[in-house]
Amino acid sequence: MEMLWRGTLSFELVHVPIRLYKATRTRRVEFRLLHEPDQAPIRYRKVCSAEDRPVPDDEIVRGYPLDGRWVTVTSAELDAVAPTLTRSIEVRDFVDAHEIDPIYFRRPYYLGPEEGGEDLYVMLREAVRRSGKVGIVEFVLMHRAHLAVLRARGEVLVLETLHYPEEIIDEREVNVPSETRLREGEIRMAVELIAARARPFDPRRYRNEYRATVLAMLREKAAGRLPPELAPPAVPEPTPVIDLTRRLRESLERIQREERRRAA
């Protein structure tokens, strides 16, 4: 498991020595752009948009658009205002987990105990678990300040970074109609349909079928077996409001038939 850094988790006057690990990995199928005749990877050059010529690194500066013009900054200026690079995670508050809208969650990390700090680690993990709360913490990683949630998961502590409030786009920017032709009975039937499909969450039920299909296709091509051409899936037409009650009733009946088959 990839360790990112060693440091401390500060809980009031208690400092728990910890190690920070990645908790997820990217499993996408990544492609490179190639030059078809010789299969060589394509490179990208830094070109000035005004002069249409390659630019050496010593002529490149950072700029930010502000009030209709570019404001440039140097590395020294950025270093002067950068958050202090520490090896400390500071617990600020404890809150109820259900109070945090899932839209704020960004990326999880595992916290493990540093050698010699196992007892302190277990103490904090069990205190967090039994309290029913999660911690709100701040720390610096990769020269960036992060807000995060501290929670217990099984035998480990998990640190899950959060978006800051200014990073969340206001939902009122989405154009939602204020009036509809729906009837209350249709909404109640939709609620019944949700209840019929409700079950405990088990992530093992879900699989990245697209990734598996792409890898299978690539293996077929590598072995000299061209896969058959597949037609793109048809996009279902939106359900006319006039047919909504019938479609909801048919959906409920289909779920009931599936349940009877499983019970048989």
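Residues numbered from 1 in each chain as written. Predicted model: local features only at pLDDT ≥ 70, side-chain atom pairs only at ≥ 80, totals over all residues. Heavy atoms only, no water.

Engineer: Mind showing me how you'd approach the confidence of the model for the chain here?
Structural biologist: For residues with low pLDDT, the predicted coordinates do not support detailed interpretation. This prediction gives the chain a mean pLDDT of 85; 95% of its residues lie at or above 70. Mean pLDDT per element in the chain: helix 1 (residues 75–81) is the minimum at 78, and strand 11 (residues 156–162) is the maximum at 95. (pLDDT = per-residue confidence, 0-100. Helix = DSSP H or I, 4+ residues; strand = E, 2+ residues; numbered from the N terminus.)

Engineer: Can you walk me through the pattern of salt bridges in this structure?
Structural biologist: Oppositely charged side chains may form a pair once their charged atoms are brought near each other. For the structure on display, the rule yields 21 salt bridges. The partner of Glu 114 in a salt bridge is Arg 19, and the shortest N-O contact between them spans 2.7 Å. Of this pair, Glu 114 sits in the loop between strand 8 (105–113) and helix 2 (118–131) while Arg 19 sits in strand 2 (residues 14–22), placing them 95 residues apart in sequence. Arg 204 is the partner of Asp 202 in a salt bridge, and the nearest nitrogen-oxygen pair spans 3.1 Å. (Salt bridge = Lys/Arg side-chain N within 4 Å of Asp/Glu carboxyl O.)

Engineer: What is the right way to look at the packing of aromatic side chains in this model?
Structural biologist: Describing an aromatic ring pair means giving the distance of the ring centres and the angle of the ring planes. Using the criterion set out here, one finds one aromatic pair in the structure. With a centroid separation of 5.9 Å and 85 degrees between ring planes, the pair formed by Phe 11 and Phe 94 is classed as edge-to-face. Here the residue Phe 11 occupies a position in strand 1 (residues 3–11), and Phe 94 occupies one in strand 7 (residues 88–96), the gap between them amounting to 83 residues. Phe 94 gets classed as partly exposed once you look at its relative accessible area, which sits at 35%. (Phe/Tyr/Trp six-rings, centres within 6.5 Å; stacked < 30°, edge-to-face > 60°. Buried < 20%, exposed > 50% of the residue type's maximum accessible area, 1.4 Å probe, protein only.)

Engineer: Would you take a moment to explain helix 3 (residues 184–197) for this structure?
Structural biologist: Along an α-helix, a turn takes 3.6 residues, which lines up residues three or four apart on a common side. With 14 residues, helix 3 extends 20 Å from end C-alpha to end C-alpha; this agrees with the ideal 20 Å at 1.5 Å per step. The complete set of buried residues in helix 3 reads Glu 186, Met 189 and Leu 193. The buried residues of helix 3 occupy an angular sector of 60 degrees when the element is viewed end-on, so they sit on one face. Away from its buried face, by an angle of more than 90 degrees, helix 3 presents the exposed residues Arg 188, Val 191, Ile 194 and Ala 195. Summarising the contacts, the buried residues of helix 3 are in contact with helix 5 (244–263). (Expected span 1.5 Å × (residues − 1). Arc of directions from axis to C-beta. Contact = heavy atoms within 4.5 Å.)

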